[in-house]
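Coordinates in review
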Amino acid sequence: MSPRPFSLSPLPPPRLDMEPTPLLSTAPGGPDKRTVAYFYDDDAGAYAFNLVHPMKPHRIRMAHNLITNYGLDRKMDVLKPDRCTPHEMTRFHSDEYIDCLARVTPETFDDMTGHGSRFLVGEDCPAFDGLFEFCSISAGGSLSAARRLIDAKADVAVNWAGGLHHAKKREASGFCYINDIVLAILELLRYHARVLYIDIDVHHGDGVEEAFYTTDRVMTASFHKFGDFFPGTGAEGDKGKGRGKGYAVNFPFKDGIDDESYESVFKPVRPLLFSP
């Protein structure tokens, strides 16, 4: 892999001008009394990459319906997130990339991307109507979740519209346009010295690892399928670079792993990742 260097600014003073986040419903917490904040914007499910694309934002609405029908919303604070602004996106992504996402349409795709040679490369990340609005909702949920944790108004924060871990600084990848995870981690780093990121998606969390590959302020740990499988990164020997050496941790699994085998690796490793 070819990680791009990424600089981190020093910690600023606490924010004193926070606007209150709209609270849709409130609950006392789960059985362990921890406060859980669940961020949901119904508009997220209104977009479609295209008719045959495997990424279906409508599933976000389906997940929300399951949450409400099982009554889980009564054990969480349900909040509508702020939408991520272009300025907030450029804390990680390049200006020209964000400008492209804000203006590209299916009709202007060829002109703005050099016939798919820059920014939106390949068939995984098409231009679609409402692309930038969808990205602002997805990334806004994760930023709002991070801020809720920073303000000590929640012990756990959830954004089911997020987790788009493949997006790169200047390029979309693997159905991911804006890396909401990187943006949320950068927000957390403004108030905390270090962040641990654990990724249990079947695909390697390459975009997040790449963003923090050279810093010791973020440890990325990814448990994923490895081999002839997208994105093809995340080998056991990929451990970070420079000051970040040892702060990228990868657990590449072969095809066919079952629950018992997965747990035999994940359960003993997880507490070690939290060790100082």
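Note that the structure is predicted; figures quoted are calculated from it, not measured.

**Overview of the overall build of the protein**
- Regarding its fold elements, the protein presents eight helices and seven strands.
- Looking at the 276 residues of the protein, the share that counts as buried comes to 48%.
- A separation of at least 24 residues holds for 72% of the contacts in the protein among residues at least 6 apart in sequence.
- Surface exposure of the protein reaches about 14,600 Å², of which carbon and sulfur atoms provide 55%.

**Notes on the packing of helix α5 (residues 131-150) against helix α6 (residues 180-189)**
- Put simply, α5 and α6 touch, their axes get as near as 8 Å, and they point 25° apart. One finds that α5 runs roughly parallel with respect to α6. Crossing of α5 against α6: the hand is right-handed. On α6, the residues touching S138, A139, S142, L143, A146, R147 and I150 of α5 are D180, L183, A184, E187 and L188.

**Remarks on the nonpolar core**
- Of all hydrophobic cores here, the largest spans 58 residues; its most connected members are L101, L120, Y177, I178, I185 and F212.
- If you list the elements that add at least two residues to this core, you get β2 (36-39), α1 (58-69), α3 (95-103), α4 (109-113), α5, α6, β5 (195-199) and α7 (206-211).
- Sort the elements by how many residues they give to this core and α5 lands first, with nine residues.
- Those residues in contact with I178 that lie beyond four places of it in its chain are M89, H93, I98, L101, C135, A139, L164, A167 and L183.
- In terms of nonpolar packing, the next biggest core, distinct from the first, is built from nine residues, M219, V249, F251 and L273 among them.

**What to know about α5**
- Across its 20 residues, α5 extends 29 Å between first and last C-alpha, which sits within 8% of the 28 Å expected from 1.5 Å per residue.
- Among the 20 residues of α5, 18 are classified as buried, and the element is accordingly described as predominantly covered.
- Directly after α5, the chain includes A152, whose backbone phi takes a positive value near 60°.

**Here's the deal with the confidence of the model for the protein**
- Residue-level pLDDT values for the protein average 90, and 88% of them are 70 or greater.
- Low pLDDT, under 50, characterises residues 1-6; the predicted model gives this stretch 19 contacts beyond four residues in sequence or across chains.

**Concerning the sheet that holds β5**
- In space, the three strands of this open sheet follow the order β5-β6-β7, with parallel pairing throughout. Where the open sheet ends on each side, the last strands, each with one partner, are β5 and β7 (248-253). Averaged over all adjacent pairs, the angle separating strand axes in this sheet is 5°, with direction ignored.
- Of the strands in this sheet, β5, β6 (218-225) and β7 are in contact with helix α8 (residues 259-273), which crosses β6 at around 180°.

About the cut-offs
- Residues numbered from 1 in each chain as written.
- Predicted model: local features only at pLDDT ≥ 70, side-chain atom pairs only at ≥ 80, totals over all residues.
- Heavy atoms only, no water.
- Helix = DSSP H or I, 4+ residues; strand = E, 2+ residues; numbered from the N terminus.
- Buried < 20%, exposed > 50% of the residue type's maximum accessible area, 1.4 Å probe, protein only.
- Contact = heavy atoms within 4.5 Å.
- Areas by Shrake-Rupley, 256 points an atom, 1.4 Å probe, with all protein chains shown as cover.
- Axes fitted to C-alpha atoms, helices over the stretch in contact; angles between N-to-C directions.
- Parallel < 35°, antiparallel > 145°, perpendicular 65-115°, else oblique.
- Left-handed = near helix turned anticlockwise from the far one by under 90°.
- Core = buried A, V, L, I, M, F, W, Y, C linked by side-chain atoms within 4.5 Å.
- Expected span 1.5 Å × (residues − 1).
- pLDDT = per-residue confidence, 0-100.
- Pairing = 2+ DSSP bridges.

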